[in-house]
Amino acid sequence: MADKPSILFLALIPEDYSPYLAKSYGMDRSFDMLPHKYSILALTAWLRKHGCEGNYRWINRIDDEQIGKISHAISELKPDAIGLSLVTEEMVSHYELVRKLKESHPDLPVIAGGCHVTALPEHTLTNFPLIDYIVIGEGEKTLTELLKFISGKTGYNSADEINGLGFGNEDGSITLTGPREKFDDINVLPDPAYDLIYDPENPPDEKTAFPLVCSYGCYFFCTFCSVEHGNYRCISSGKLVDRIERAVRNFGTEYFAIRDSFWPPTRKWLDEFCTEIENRRLKIKFHFQTRAGTLEVEHLERLKKIGAVAIAVGVEAGDPGILKSIKKSITTNMARRAIAALNKVGIFSIAFFIFGNRGETRQTIQASIDLANELNPSIAFFHVLYPLPGAEAFESVPDDQKDWWMGKPLPTISELSVSELDSLAKTAFINYPLRLAYFTQHVIGGKLPPEFKAIARRVFFIHLRKNFLGTAERSRFLRSIIRGVKSLIGRK
Ligand code: B12
Ligand code: SF4
């Protein structure tokens, strides 16, 4: 065992991870730091401050070679436990990793945390029995106490004295301990342990996108979202600028991905943030996601001056009835104002829409497509609803389909089937930029910075090509010609 109680966090990370905008439309940046869980960095920082240690290894696939790397790390670091941080879509693949590890390390406890196990504690312990403990909700204090307990360094007699925990018992029953108190002020949290994702063989440079998260929870109650609702907390603007300054100094990066569900928290907070960036003369670029109604033209002009290059807005629906029923707390007019302001100032604008909320019909989907066209953002994404455990929408899923994420078909909670929704979303996405208004605003006009102007141009031409190929593929005659040409030039 290591001197201090310690955990080894593990993750399965896709090889060559790249965000969609970069992957599909080419953005000359490195995204190597982005796919890693911020939770692992946050938990490790807290553990280190409280007498424990955290380490982290990730692999790209489950095979003997990669499992061998983990076994090597276990022999070297001698952790008291393995840690996994899981969203719903990762449960099954990561459990496969646990299964493999338990073959060679049957006695090493596995601790899982994150939004999925928090939403479904009993289901997790029942269906994934090789997971020894789950941590429900905010994990910093619970994990510290649990590691000290496992390594025999505290006075706890049994794990059920630790709040915020779930585990299975030998008789097959499950124990969920009392609720864990939440942080009132997250400024008490230390800086995330970024060293865990610093690769000395491939060190970050100014083109590397550097991840930042500054909040826990959310003020709002959107029915499709599984965050902790009604309990938003954010670090101070000064603390965030300190982190940015340190990243610039220590890692040489200049591009920041602010990954909070929405940012900034308030206009006052933003004002302080901008002033700090200006006073410290930091030359940075960054993107983030905001809520319609937060930022007006004057805020965006200031943000652009200090480096904001792209901002996403969750518009979600064009039909006012759907917008109300999903409790988004915005109106279509707020969305109009938000995207118009971004386009006016010349910041790459992204709008998200969801197809398939409760009450969705072909008419309401058309209203979303019409609104997207009217808003005219630099790109619009149309996603099919995933009813996530922990979200209100999950309650509308029939009981026998609730475990869809265990390799079963995605359920629908609207009157349209998932394949209909999927096809409508794909078509809406391809066709979105193929309008004169898009071409004049984003391809030849507007005030986007060159890096993002190039992306908008690619969006237009790539979608034009896809649209042409799609139309052509639908025609049997043309399809046979395309096949013939492809075989002539030797492509499958
Ligand atoms: C940043 C973020 C991202 C980033 C970075 C993700 C990452 N890998 O870190 C990006 C943009 C890449 C992303 C992608 C996705 N995301 Co996301 N993301 C978030 C966001 C906004 C913040 C997460 C965060 O870092 N919070 C701060 C940390 C410290 O909090 P935390 O993660 O909750 O961790 C705490 C506890 O949960 C617990 N804990 C967590 N892990 C562990 C592990 C152990 C061992 C222990 C003891 C405790 C513990 O302790 C932590 C500290 O208190 C949340 C929404 C939100 N506000 O929470 C959505 C959220 C997590 N994402 C979500 C989803 C669905 C996705 C995607 C699947 C979207 C998609 N279709 O591609 C992908 C999945 C990528 C992946 N494999 O993780 C959902 C997950 C819901 C669910 N049940 O699955 C959320 C909740 C938003 C939502 N729509 O409801 N996401
Ligand atoms: S979608 Fe955004 S605003 Fe709505 S509850 Fe989730 S995090 Fe909050």
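The rules behind each value
Residues numbered from 1 in each chain as written. Chains lettered and ligands numbered in written order. Predicted model: local features only at pLDDT ≥ 70, side-chain atom pairs only at ≥ 80, totals over all residues. Helix = DSSP H or I, 4+ residues; strand = E, 2+ residues; numbered from the N terminus. Buried ≥ 20, exposed ≤ 12 C-beta atoms within 10 Å, placed from the backbone. Contact = placed C-beta atoms within 7 Å. Axes fitted to C-alpha atoms, helices over the stretch in contact; angles between N-to-C directions. Parallel < 35°, antiparallel > 145°, perpendicular 65-115°, else oblique. Left-handed = near helix turned anticlockwise from the far one by under 90°. Nonpolar A, V, L, I, M, F, W, Y, C, P; charged D, E, K, R; others polar. Near = placed C-beta within 6 Å. Domains from an automatic or database assignment. Pairing = 2+ DSSP bridges. Expected span 1.5 Å × (residues − 1). Arc of directions from axis to C-beta.

Points about the overall build of the protein chain
Piece 1. Counting its secondary structure elements, the protein chain contains 17 helices and 15 strands.
Piece 2. Taking the principal axes of its C-alpha atoms as reference, the protein chain extends roughly 70 × 60 × 50 Å.
Piece 3. Every one of the 492 residues in the protein chain was classed for burial, and the buried ones make up 39%.
Piece 4. Taking the contacts inside the protein chain whose residues are at least 6 apart along the sequence as the reference set, 73% of them involve residues at least 24 apart.

Brief notes about the packing of helix H2 (residues 38-49) against helix H7 (residues 140-150)
The geometry of a pair of packed helices is captured by two quantities: the angle between their axes and the separation between those axes.
Piece 1. Relative to each other, H2 and H7 sit at 55°, their axes nearing to 9 Å. As the angle between them shows, H2 and H7 are arranged oblique. Both H2 and H7 take part in a crossing whose hand is right-handed. Between H2 and H7, the residues in contact are Leu43, Trp46 and Leu47 and Glu140, Leu143 and Thr144, respectively.

Quick word on the packing of helix H10 (residues 297-306) against helix H12 (residues 332-345)
Piece 1. Running from N to C, H10 and H12 cross one another at 40°; their axes reach a closest spacing of 9 Å. Taken as axis vectors, H10 and H12 run oblique relative to one another. For the pair H10 and H12, the crossing hand works out as right-handed. Of the residues in H12, those in contact with Val297, Leu300, Glu301 and Lys304 of H10 are Ala341, Leu342, Lys344 and Val345.
Piece 2. Looking at the contact of H10 with H12 residue by residue, the classes come out as five nonpolar, no polar and three charged.

Things to note about the site of ligand 1
Piece 1. For ligand 1, the set of nearby residues contains 35 residues, the closest of which are Ser39, Ser85, Thr88, Gly113 and Gly139.
Piece 2. Looking at the shell around ligand 1, the elements that each hand over two or more residues are H2, strand S3 (81-85), strand S4 (110-113), helix H5 (115-119) and H7.
Piece 3. Per-class residue counts for the shell around ligand 1 are 17 nonpolar, 11 polar and seven charged.
Piece 4. Counting contributing residues, the shell around ligand 1 receives three or more from each of domain 1 (6-176) and domain 2 (205-432).

Quick notes on the sheet that holds strand S13 (residues 308-316)
Piece 1. Here we have six strands laid out as an open sheet, ordered S8-S11-S12-S13-S14-S15, and parallel in their pairing. A single partner strand is all that each edge strand has here, and the edge strands are strand S8 (209-212) and strand S15 (379-384). Strand-to-strand twist across the sheet, computed as the mean angle between neighbouring axes with direction ignored, equals 20°.
Piece 2. Two elements, strand S12 (residues 285-290) and S13, share five bridges in a ladder whose sense is parallel. By the bridge assignment for S13, Thr290 is matched with Val313.
Piece 3. Its contacts with the sheet place H12 against S13 and strand S14 (348-355), and it is angled at close to 160° to S13.

Overview of the site of ligand 2
Piece 1. All residues adjacent to ligand 2 are Cys218, Phe220, Phe221, Cys222, Cys225, Val227, His229, Ser261, Phe262, Arg291 and Gly314.
Piece 2. In terms of residue class, the shell around ligand 2 is made up of seven nonpolar, three polar and one charged.

Notes on the sheet that holds strand S1 (residues 6-12)
Paired through backbone hydrogen bonds, the strands of a sheet run either parallel or antiparallel to each other.
Piece 1. Pairing in this open sheet of seven strands is mixed, and the strands run S2-S1-S3-S4-S5-S6-S7 from one edge to the other. In the strand order of this sheet, the two ends are held by strand S2 (53-59) and strand S7 (174-176), each with one partner. Each strand of the sheet is rotated relative to its neighbour by a mean of 25°, with strand direction disregarded.
Piece 2. Bridge count for S1 against S2 is seven bridges, and the pairing is parallel. The partner of Ser6 across the bridge, within S2, is Glu53.
Piece 3. Sheet contacts for helix H4 (residues 91-104): S1, S3 and S4; angle to S1, the most-contacted strand, approximately 125°.

Examining the domain arrangement of the protein chain
Piece 1. For the protein chain, the assigned domains read domain 1 (6-176) and domain 2 (205-432).
Piece 2. Taking the mean C-alpha position of each, domain 1 and domain 2 sit 27 Å from one another.
Piece 3. Listed by partner, the interface residues are 18 residues for domain 1 and 16 residues for domain 2.
Piece 4. Among the elements of the structure, H4 and H5 are those that each provide at least two residues to the side of domain 1 that touches domain 2.
Piece 5. Among the elements that take part in the side of domain 1 that touches domain 2, H5 stands out by supplying four residues, more than any other.
Piece 6. When the residues that make up the side of domain 1 that touches domain 2 are grouped by side-chain class, the tally is nine nonpolar, four polar and five charged.

Quick look at H4
Turn by turn, an α-helix covers 3.6 residues, leaving residues three or four places apart pointing in a common direction.
Piece 1. In a regular helix each residue adds 1.5 Å, so 14 residues correspond to 20 Å; H4 covers 21 Å between its end C-alpha atoms and thus fits that length.
Piece 2. Among the residues of H4, Met91, His94, Tyr95, Leu97 and Leu101 are the ones counted as buried. When H4 is viewed along its axis, its buried side chains cluster within an angular range of 155° and face the same direction. Structural note: H4 exposes Ser93, Glu96, Arg99 and Glu103 on the side pointing more than 90 degrees away from its buried face.
Piece 3. Residues of H4 that are buried sit in contact with S1, helix H3 (64-77), S3 and H5.

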